[in-house]
Amino acid sequence: MATFLARNASLLVTMDDGRRELRDAGLFARDGLIEAVGPSADLPQSADEVVDLSGQIVFPGLVNCHHHLDQVLTRNLPAGQNTNLFPWLKAHYRIWAARTPPAARTATIVGAAELALTGCTTLFDHAYVFQNGCRVDDQIAAAREVGIRFVVSRGSMSLGESKGGLPPDDCVEDEDAILADCERVVARYHQSGPGAMTQIALAPCSPFSVTPALMRETAAMARRLGVRLHTHLCETVDEERYTQARFGMRPVAYLETLDWVGGDVWYAHAIHVSDDEVRLFADRGAGVCHCPSSNMRLASGIAPVRAYRDAGVNVGLGVDGSASNDANNMLNEARMAMLLARLKMGLPPPAGPDTTVATSDPARAAEWMGAREVLEIATRGGAAVLGRSDIGALEAGRAADFFTLSLDDVAFAGALADPVAAAVFCMPGRVRHTVVGGRFVVRDGAVVTVDLPAVVAEHNRHAARLAALSR
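Residues numbered from 1 in each chain as written. Predicted model: local features only at pLDDT ≥ 70, side-chain atom pairs only at ≥ 80, totals over all residues. Heavy atoms only, no water.

## What about the nonpolar core?
So, step 1. Ile57, Phe59, Leu202, Leu255, Phe281, Tyr308 and Leu405 are the most contacted members of the largest nonpolar core, which totals 106 residues.
So, step 2. Looking at this core, the element that brings in the most residues is helix α2 (residues 101-116), giving 8 residues.
So, step 3. Not counting chain neighbours up to four residues away, the residues in contact with isoleucine 57 comprise Leu11, Val13, Phe403, Thr404, Leu405, Leu407, Phe412, Pro419 and Val420. (Core = buried A, V, L, I, M, F, W, Y, C linked by side-chain atoms within 4.5 Å. Buried < 20%, exposed > 50% of the residue type's maximum accessible area, 1.4 Å probe, protein only. Helix = DSSP H or I, 4+ residues; strand = E, 2+ residues; numbered from the N terminus. Contact = heavy atoms within 4.5 Å.)

## Comments concerning the side chain of histidine 126
So, step 1. Note that histidine 126 resides in the loop between β7 (120-125) and α3 (136-146).
So, step 2. Take histidine 126: its relative accessible area is 1%, and that puts it in the buried class.
So, step 3. Here alanine 203 takes part through its backbone oxygen, which lies 2.9 Å from a polar atom of the side chain of histidine 126.
So, step 4. If near-sequence neighbours (up to four positions away) are discounted, histidine 126 is found in contact with His66, His67, His68, Ser153, Ala203, Pro204, Cys205, His230, Thr231 and His232. (Polar contact = N/O pair within 3.5 Å; in protein donor to acceptor, adjacent residues only side chain to side chain.)

## Some words on the environment of valine 313
So, step 1. Mapped onto the fold, valine 313 is located in the loop between α10 (305-311) and β13 (315-317).
So, step 2. Residues valine 313 and arginine 7 lie 306 residues apart in sequence; the distance between their C-alpha atoms is 35 Å.
So, step 3. Valine 313 has contacts with Val278, Phe281, Ala282, Ala286, Gly287, Val288 and Tyr308, leaving out every residue within four places of it along the chain.

## Considering the environment of valine 385
So, step 1. In this fold, valine 385 is placed in helix α12 (residues 371-385).
So, step 2. Sequence spacing of valine 385 and valine 265 is 120 residues, and the spatial spacing of their C-alpha atoms is 8.3 Å.
So, step 3. In contact with valine 385, other than residues within four places in its own chain, are Cys65, Arg228, Trp266, Val288, Asn314, Val315 and Gly316.

## Looking at α3
So, step 1. Burial of α3 is extensive: 8 of the 11 residues sit out of reach of the surface.
So, step 2. Listed as buried for α3 are Val136, Asp137, Asp138, Gln139, Ile140, Ala142, Ala143 and Val146.
So, step 3. Where α3 is buried, its residues meet α2, β7, β8 (149-156), α4 (175-189), β9 (198-204) and β16 (439-443).
So, step 4. The positive-phi residue at the C-terminal boundary of α3 is glycine 147, with phi of around 95 degrees.

## Focus on the pairing of β8
It is a general feature of regular strands that their side chains alternate between the two faces of the sheet.
So, step 1. Of all 8 residues in β8, 8 are buried, a share of seventy percent or more.
So, step 2. As judged from the 4 bridges shared by β7 and β8, these two strands associate in the parallel manner. In the strand pairing of β8, leucine 123 is matched with phenylalanine 150.
So, step 3. Each parallel crossover has a hand, and the one from β8 via α4 to β9 is right-handed. (Pairing = 2+ DSSP bridges. Right-handed = clockwise from strand over helix to strand, strands pointing away.)

## Looking at the packing of aromatic side chains
So, step 1. Taken as a whole, this structure holds 11 aromatic pairs when the rule is applied.
So, step 2. On the numbers, 6.2 Å between centres and 20 degrees between planes, the contact of phenylalanine 281 with tyrosine 308 is stacked. Taken together, the residues phenylalanine 281 in helix α8 (residues 275-284) and tyrosine 308 in helix α10 connect sequence positions 27 residues apart.
So, step 3. We classify phenylalanine 281 as buried; its relative accessible area is 0%.
So, step 4. Here a set of aromatic residues connected by ring pairs shows up, and it is made of Phe4, Phe402 and Phe440.
So, step 5. One Lys or Arg, arginine 443, reaches over the ring of phenylalanine 440 and ends 3.9 Å from the middle of that ring. (Phe/Tyr/Trp six-rings, centres within 6.5 Å; stacked < 30°, edge-to-face > 60°. Lys NZ or Arg CZ within 6 Å of the ring centre and 35° of its normal.)

## Comments concerning unusual backbone geometry
So, step 1. That bond from asparagine 325 to aspartate 326 is cis: its omega, 5 degrees, falls within 30 degrees of zero.
So, step 2. Here proline 349 and proline 350 are connected by a cis peptide whose omega angle stands at 5 degrees.
So, step 3. Turning to its location among the elements, proline 350 is positioned in the loop between α11 (330-346) and α12.
So, step 4. Unusually for a residue other than glycine, arginine 19 sits at a positive phi of about 50 degrees.

## Considering the packing of α2 against α3
So, step 1. Contact geometry for α2 and α3: axes closest at 8 Å, N-to-C directions at 40 degrees. One element, α2, and the other, α3, form an angle in the oblique class. Crossing of α2 over α3 shows right-handed handedness. Of α3, the residues touching α2 (which contributes Pro101, Ala104, Arg105, Thr108, Ile109, Ala112 and Ala113) are Asp138, Gln139, Ala142, Ala143, Glu145 and Val146.
So, step 2. Tallied by class, the residues present in the contact of α2 with α3 amount to 8 nonpolar, 2 polar and 3 charged. (Axes fitted to C-alpha atoms, helices over the stretch in contact; angles between N-to-C directions. Parallel < 35°, antiparallel > 145°, perpendicular 65-115°, else oblique. Left-handed = near helix turned anticlockwise from the far one by under 90°. Nonpolar A, V, L, I, M, F, W, Y, C, P; charged D, E, K, R; others polar.)

## Looking at the pattern of salt bridges
So, step 1. On inspection of all chains with the given rule, the structure shows 36 salt bridges.
So, step 2. Note that arginine 19 is salt-bridged to glutamate 376, the shortest N-O span being 3.1 Å. Pair noted here: arginine 19 is in the loop between β1 (3-13) and β2 (21-30) and glutamate 376 is in helix α12, with a separation of 357 residues, a long-range link.
So, step 3. A relative accessible area of 33% means that arginine 19 is categorised as partly exposed.
So, step 4. Where arginine 372 meets aspartate 418, a salt bridge forms, and the shortest distance between an N and an O atom there is 2.8 Å. Of the two residues, arginine 372 is situated in helix α12 and aspartate 418 in the loop between β14 (402-406) and α13 (419-425); the sequence distance between them amounts to 46 residues.
So, step 5. Among the residues examined, aspartate 418 registers a relative accessible area of 27% and is labelled partly exposed.
So, step 6. Among the charged side chains, a network of salt bridges with common partners joins Arg135, Asp137, Arg154, Glu173, Asp181, Arg184 and Arg188. (Salt bridge = Lys/Arg side-chain N within 4 Å of Asp/Glu carboxyl O.)

Below is the structure:
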């Protein structure tokens, strides 16, 4: 079994239960799982691979809980630059449906590589448009090329415009075919146990693109097969108006009637929720993926992250689709989450907290979103949202997933009084290293598992073909 030793880090942020931050430290792993974390002098002194992390700070790998990798093909399309969710989706549906399996491969590699270059080691992809022979298998194969830990959905859309849904009829699938493929994908690819590199979730897209019957049947299948459930929820006021008009209830109440509020479910966005709905999520164990950049990009609103955290709801971070962000940068997403929480804190009610006390008052000190808290959300929080106890921290028994930043980088200049916080406040650029399961994906600032320039060149050809469809 392969061994891996990382040592001499200037600072190692464990995110373990004690939130230890260790100086002159490292970790020792065997077959991708950590056996020891601590001072370098206390670790084994040899391994199959030894890396010197002098002058670097080490963090647990970041966990991206919501993404749409196919959208890397449609970043920054003019038709979707200045509009909110529903017209933005309508501008993109048919373009996404026109992608091919080779385009899906390059999109997955480009997105995963960009994420790895910003510290992400675990990626969840919400794939839900499957036309032209595209299958989730394409993304799984491409993610394995990169070497990132991959959780992917066999997502779905079945409710076309002619039946009251938002997507065009030629972009949706037959429900029997969807369910059959869900079962196939789980049986073929889903792994369990510590260090699983590929996992499957079932993820009907949204209340306005699938039927109640498909939601119920998907939930029943997921629970029978032992996989998790995911969907978009409460992203915009338009969605709330849709469920009120169609079902006579708010989105959360609608999902509750479908058995979609539980400990095996997490939602993307969950912005427009009431205090009672926050408590319901906490009571049932449902999780939330906060996507701050996308929410700002589409003017969707600000998720009540502080309320979720205070209530005990598991919260993770996601970059969301690359056509609504338009980057794949997890460190930047953590920074945006911190800053957006502070903005919400300072807004007057009802947009902000129900108080007239100034943000400078010590009575409000606990409301401030700090750098360490947002890093916790991006690591341990994401692991909890995905139902995993083997990632999200650097401690014995967890995966050897981590990234490092060089402390002599210009972004840290003048900020070394607290380098942990500087990783969020100061916007460092690319990471020095990203390691997944004791294997380098990024080394010395470059992706080492794929020929990235060649993939980018091919990807841009696919993207140009699709962009021409939007004119």
